[in-house]
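Structure at a glance
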Amino acid sequence: MLRISGLSAGYHGGTVLHDLDLDVPEGSVHAVVGHNGAGKTTLVHTVAGLLRPATGTVEVAGRDVTGRPAHRIARAGVGLVPQGRRVFARLTVAEHIRLAHRPPRAAGGGRPWTPQRVLDLLPRLGERSTHRGTDLSGGEQQMLALARALLGSPRVLLLDEPTEGLAPVLVGQILDLVGTLAGEGLAVLLVSPSPASAAQCADTVTVLTSGRVTARLDGPAVRKDPAELYEAMALTAH
Ligand SMILES: Nc1ncnc2c1ncn2[C@@H]1O[C@H](COP(=O)(O)OP(=O)(O)OP(=O)(O)O)[C@@H](O)[C@H]1O
Ligand SMILES: [Mg+2]
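Okay, so let's go over this structure. This is a predicted model, so every value here is computed, not measured.

1. Observations regarding the coordination of the magnesium ion (ligand 2)
Protein coordination of the magnesium ion (ligand 2) is provided by Thr41 (OG1) and Gln83 (OE1), with donor distances spanning 2.0 to 2.3 Å. You can see threonine 41 sitting in helix 1 (residues 40-48) and its partner glutamine 83 sitting in the loop between strand 6 (78-81) and helix 3 (93-100), a full 42 residues away along the chain.

Now the structure itself:
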């Protein structure tokens, strides 16, 4: 569903991502783990069209979207949950949901996401519908950021550190949700500095070190024995 080939990208002529290949099939979770500054957000922003790649291609559902503007890539079926959630401080939950809802695209995708379907998945947002962004807890803000992305009925979901700063019980809830969404057919690219949370729900785990892929491991094998993933991460510690 998402296919990234030979991708290089950076800022002001400097290269951050080097020749990256990565696939996320429909109905699966691909986790990319890497330390701070490894290039995780750069990767997510390049896929989402917020940054133009220097080389390489990005395909969504077989369509080449390389270098397209962000709104076109969103329309091609890519939803972004940005690092730090970026909810609007002064808008209520209900207003966020109303603004984010997009009529479903004609072609492809599964069952479209309506406000009701999002509230069924994330009932806490229904309970908080009149609260403003600043009045929400970190976990609630993360759920709202997720709701906003889902309301575009994406086929590919990009999650940039969705568990950052959350209490362990919420981390578990968010990762369970990620698994549920993949189970419904979404292709999920999850980036995180935490090998533990990546391993919890991923089908494939890629280790990113200074913008390069330095290990690629099978999710179920990592769940059985995480030693190899921890070793790959420790080897890249700085
Ligand atoms: N807007 C920018 N302009 C110039 N350099 C940038 C910009 N954003 C990121 N960088 C640099 O690119 C590199 C990768 O940053 P990136 O934000 O992709 O890392 P990350 O893996 O997401 O880190 P974190 O875990 O802290 O979120 C870093 O060296 C960073 O300083
Ligand atoms: Mg980042």
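There is more to say after this.
2. Observations concerning the site of ligand 1
Every one of the 13 residues lining ligand 1 counts as a neighbour, but Gly37, Lys40, Thr41, Thr42 and Gln83 are closest to it. Between ligand 1 and lysine 40 there is a distance of 2.7 Å, counted from an oxygen atom to a side-chain nitrogen or oxygen. Glutamate 161 is positioned such that a nitrogen or oxygen atom in its side chain is 3.0 Å from an oxygen atom of ligand 1. Protein contacts shield 59% of the accessible area of ligand 1, which totals 640 Å² for the unbound molecule. With 3 residues, the top contributor of residues to the shell around ligand 1 is helix 1. Its residues assigned to classes, the shell around ligand 1 shows 3 nonpolar, 8 polar and 2 charged.

3. Looking at the environment of proline 115
Residue position: proline 115 is located in helix 4 (residues 115-121). Along the backbone, proline 115 and alanine 100 are 15 residues apart, and their C-alpha atoms lie at a distance of 9.1 Å. Not counting residues up to four positions away in its chain, the partners in contact with proline 115 are Ile97, His101 and Leu151.

4. Here we look at the packing of aromatic side chains
For any two aromatic rings, the description comes down to two numbers: the centre-to-centre distance and the angle of the planes. One pass over the structure, following the stated rule, counts 0 aromatic pairs. Against the face of tryptophan 113 rests arginine 117, its NZ or CZ located 3.6 Å from the ring centre.

5. Description of the pattern of salt bridges
This structure, assessed with the given rule, holds 5 salt bridges. Taking the shortest distance from any N to any O, the salt bridge between glutamate 184 and arginine 117 comes out at 2.5 Å. Here arginine 117 lies in helix 4 and glutamate 184 lies in the loop between helix 7 (168-183) and strand 8 (187-192), a separation of 67 residues in the sequence. Overall, the relative accessible area of 44% leaves glutamate 184 in the partly exposed class. Taken together, the salt bridges that share partners define one network made up of Arg124, Glu127, Arg128 and Glu140.

6. Details of the layout of surface pockets
Where empty space is left in the structure can be found by rolling a water-sized probe over the atoms. In this model, the largest pocket occupies a volume close to 650 Å³. Along the walls of the largest pocket sit 23 residues, with Ala74, Val78, Gly79, Leu80 and Arg148 positioned nearest its centre. When residues of the lining of the largest pocket are traced back to their parent elements, those giving at least two are helix 1, helix 2 (70-75), strand 6, helix 3 and helix 6 (138-150). Residue contributions to the lining of the largest pocket peak at 5 residues, all from helix 2. Partitioning the lining of the largest pocket into residue classes produces 14 nonpolar, 5 polar and 4 charged.

7. Brief notes about the packing of helix 6 against helix 7
Packing of helix 6 against helix 7 leaves a shortest axis separation of 10 Å and a crossing angle of 15°. By the criterion of interaxial angle, the relationship of helix 6 to helix 7 is roughly parallel. For helix 6 against helix 7, the interelement crossing comes out right-handed. The residues of helix 7 that touch helix 6, namely those facing Gly139, Gln142, Met143, Leu146 and Leu150, are Leu170, Gln173, Ile174, Leu177 and Leu181. Residue classes in the contact of helix 6 with helix 7 are distributed as 7 nonpolar, 3 polar and no charged.

The rules behind each value
Residues numbered from 1 in each chain as written. Chains lettered and ligands numbered in written order. Predicted model: local features only at pLDDT ≥ 70, side-chain atom pairs only at ≥ 80, totals over all residues. Heavy atoms only, no water. Donors = N, O, S within 2.8 Å, 3.2 Å for Na, K, Ca; no water. Helix = DSSP H or I, 4+ residues; strand = E, 2+ residues; numbered from the N terminus. Near = heavy atom within 4 Å. Polar contact = N/O pair within 3.5 Å; in protein donor to acceptor, adjacent residues only side chain to side chain. Areas by Shrake-Rupley, 256 points an atom, 1.4 Å probe, with all protein chains shown as cover. Nonpolar A, V, L, I, M, F, W, Y, C, P; charged D, E, K, R; others polar. Contact = heavy atoms within 4.5 Å. Phe/Tyr/Trp six-rings, centres within 6.5 Å; stacked < 30°, edge-to-face > 60°. Lys NZ or Arg CZ within 6 Å of the ring centre and 35° of its normal. Salt bridge = Lys/Arg side-chain N within 4 Å of Asp/Glu carboxyl O. Buried < 20%, exposed > 50% of the residue type's maximum accessible area, 1.4 Å probe, protein only. 1 Å grid on protein atoms, 1.4 Å probe; cavity = no way out; pocket = protein on both sides within 12 Å on 5 of 7 lines; lining within 4 Å. Points joined across faces, edges and corners; volume = space filled by probe spheres on them. Axes fitted to C-alpha atoms, helices over the stretch in contact; angles between N-to-C directions. Parallel < 35°, antiparallel > 145°, perpendicular 65-115°, else oblique. Left-handed = near helix turned anticlockwise from the far one by under 90°.

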